[in-house]
Every structure is written in structure tokens, then in C-alpha cells.
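So the chains spell out like this:
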Amino acid sequence: DNDIRALRGLGNALVAQDQSDLAVDQFEKALALDPRDYRAYNGLGVSYDSMAEHTKAQEYYDAGLEIAPDDTSLRNNLGLSLAFAGHYKGAIEILRPLALRAGASARDRQNLALAYGLSGDVEQAKKFARLDMDSRDVERNLNYYAALRSIADPVLRVKSVRSGYAMQPK
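Residues numbered from 1 in each chain as written. Predicted model: local features only at pLDDT ≥ 70, side-chain atom pairs only at ≥ 80, totals over all residues. Heavy atoms only, no water.

Chemist: Can you walk me through the overall build of the chain in this structure?
Modeler: Each helix and strand counted, the chain has 10 helices and 0 strands in total. Relative to the 2.2 N^0.38 estimate, which gives 15 Å for 170 residues, the radius of gyration of the chain is 16 Å and therefore close to what a compact globule would have. Reported as C-alpha extents along the three principal axes, the dimensions of the chain are approximately 45 × 35 × 25 Å. By residue count, 48% of the 170 residues in the chain fall in the buried class. Within the chain, contacts between residues at least 6 apart in sequence are counted, and of these 46% link residues at least 24 apart. If you sum the accessible surface of the chain, you get close to 8,400 Å²; carbon and sulfur atoms cover 50% of it. Seen as two clouds, the 22 positive and the 24 negative side-chain charges of the chain have centres 6 Å apart. (Helix = DSSP H or I, 4+ residues; strand = E, 2+ residues; numbered from the N terminus. Rg over C-alpha atoms; globule rule 2.2 N^0.38 Å. Buried < 20%, exposed > 50% of the residue type's maximum accessible area, 1.4 Å probe, protein only. Contact = heavy atoms within 4.5 Å. Areas by Shrake-Rupley, 256 points an atom, 1.4 Å probe, with all protein chains shown as cover. Lys, Arg positive; Asp, Glu negative; His and termini not counted. Charge placed at Lys NZ, Arg CZ, Asp CG, Glu CD.)

Written out as C-alpha cells, the structure reads:
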């Protein structure tokens, strides 16, 4: 179990350092030790999303959800992956219940705002962003979403979202 946690930790560190291709190896090693490790599936999904390989990422999120159907991290990441891939309706269908549930976090609500923002639904993006931010930050996020929509390169768009999320409420 400690080996698996260490491999996942290294994988997460590599993703954070923009070395997702190397992270994949760590998460695959964790799965070799425990094929039911849904967190390793989540890590693989994040790794592939970081490389703009959204279809592959979604396969890993789905595999993780077969093991842990109620895991909110897997669901959030699947929803974001769909949004990155331009499947906004599917993304919102996954993210909206997470954002509206009792005990939802600011991150849950802001993931939904991001999906709406990427889709171009500025009013819904504003509605959910407003739940955790003041009006100045909401406007900043709306401008950020517009800038993201204008990025044609899918890898650059994902990297821009990841760097922008450092400024989001937790």
C-alpha cells in the first residue's frame, strides 16, 4: 500500500511539473500492484488530459468510476475532461449535480462555472462563479473564460486552465 501511495505521489508531482508522459508510468505501476486502485485511474486521466488526449483520459475516469462510483474527484475530472474536449452538455450534466449537492465545495462550483464559461454560457458561468467570489473576481474569471475559448491549441488550453486554477478558491 505504501508503494502504491508513493507511486501515485510521484505521478501527481510529475503532472504538477508538466511531465505527464512520465507520470503515466508511475500510475501504471500503481495499477500493476493494485488493478482496483481508482486513484491511479484518476491520475492516469489527469495525465492524459494534461496532454490533451481527452478520449483516453475519459476511459480512465470511467474505469475508476466503475470501482468507486461515488468518488467526486473522478466525477469532477471526467466533467472537466468533457469540457476540455468540447462536450459541454455532457460536462455540465456531470458537474451540475456535484456543484448543487449538499456539502459541495467551492472547487465543485467553480468547475461547473468553468464548463459553462468554456461553453460560452456567460450568464450561468457568472451565476456559479458568484457563489464563491466577489464581483471583481467574477469579472476576471469571465474574461479568463473568454480568453480560454480563444485558444485553439488544446494542450495550451489545458495548461492555461491548470495554471489559472492556482488562483481559484479551494
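Chemist: What is the right way to read helix α6 (residues 88–100) from this model?
Modeler: One turn of an α-helix holds 3.6 residues; hence residues three or four places apart share an orientation. Look at α6: 18 Å from first C-alpha to last across 13 residues, which is about the 18 Å you get at 1.5 Å a residue. Buried within α6 are the following residues: Ala91, Ile92, Ile94, Leu95, Leu98 and Ala99. Against the buried residues of α6 lie α5 (72–84) and α7 (106–119). (Expected span 1.5 Å × (residues − 1).)

Chemist: Hey, could you run me through the layout of surface pockets in this one?
Modeler: In this approach, a probe sized like a water molecule rolls over the atoms, and the result shows the empty space that is left. In this structure, the largest pocket spans a volume of roughly 520 Å³. What lines the largest pocket is a set of 21 residues, and nearest its centre among them are Val46, Asn77, Leu80, Arg107 and Arg162. The set of elements that each furnish at least two residues to the lining of the largest pocket consists of α1 (2–16), α3 (38–50), α5, α7 and α10 (154–164). Among the residues making up the lining of the largest pocket, the classes are represented as 9 nonpolar, 9 polar and 3 charged. (1 Å grid on protein atoms, 1.4 Å probe; cavity = no way out; pocket = protein on both sides within 12 Å on 5 of 7 lines; lining within 4 Å. Points joined across faces, edges and corners; volume = space filled by probe spheres on them. Nonpolar A, V, L, I, M, F, W, Y, C, P; charged D, E, K, R; others polar.)

Chemist: When you look at the packing of α6 against α7 in this model, what are you seeing that I'm missing?
Modeler: For any two helices packed against each other, one specifies the inter-axial angle together with the distance between the axes. The interhelical angle for the contact between α6 and α7, taken along N-to-C directions, is 155°, at an axis separation of 8 Å. It follows that α6 is roughly antiparallel to α7 by the angle criterion. At the point where α6 passes α7, the crossing takes the left-handed sense. In contact with Tyr88, Ala91, Ile92, Leu95, Arg96, Leu98 and Ala99 of α6, α7 contributes Asp108, Arg109, Asn111, Leu112, Ala115, Tyr116, Leu118 and Ser119. Taken together, the residues of the contact of α6 with α7 sort by class into 10 nonpolar, 2 polar and 3 charged. (Axes fitted to C-alpha atoms, helices over the stretch in contact; angles between N-to-C directions. Parallel < 35°, antiparallel > 145°, perpendicular 65-115°, else oblique. Left-handed = near helix turned anticlockwise from the far one by under 90°.)

Chemist: Teacher, can you tell me more about the packing of aromatic side chains here?
Modeler: The geometry of an aromatic ring pair comes down to the distance between the two centres and the angle between the two planes. A full pass over the atoms with the stated rule returns 4 aromatic pairs. Ring centres of tyrosine 116 and phenylalanine 128 lie 6.0 Å apart, and the angle between their planes is 15°; this geometry places the pair in the stacked category. With tyrosine 116 in helix α7 and phenylalanine 128 in helix α8 (residues 122–129), this pair connects stretches of sequence that are 12 residues apart. Accessibility expressed as a relative area gives 7% for tyrosine 116, which makes it buried. Pairing tyrosine 144 with tyrosine 145 gives two aromatic rings, centres 6.0 Å apart and planes at 45°, and the pair type is tilted. Of the two residues, tyrosine 144 and tyrosine 145, both sit in the buried class. (Phe/Tyr/Trp six-rings, centres within 6.5 Å; stacked < 30°, edge-to-face > 60°.)

Chemist: Help me out: how do you make sense of the side chain of serine 47 in this one?
Modeler: Its location among the elements puts serine 47 in helix α3. Residue serine 47 is classed as buried on the basis of its relative accessible area, which comes to 0%. If we ignore the near neighbours within four places in the chain, the residues touching serine 47 are Val15, Ser20, Ala23, Val24 and Phe27.

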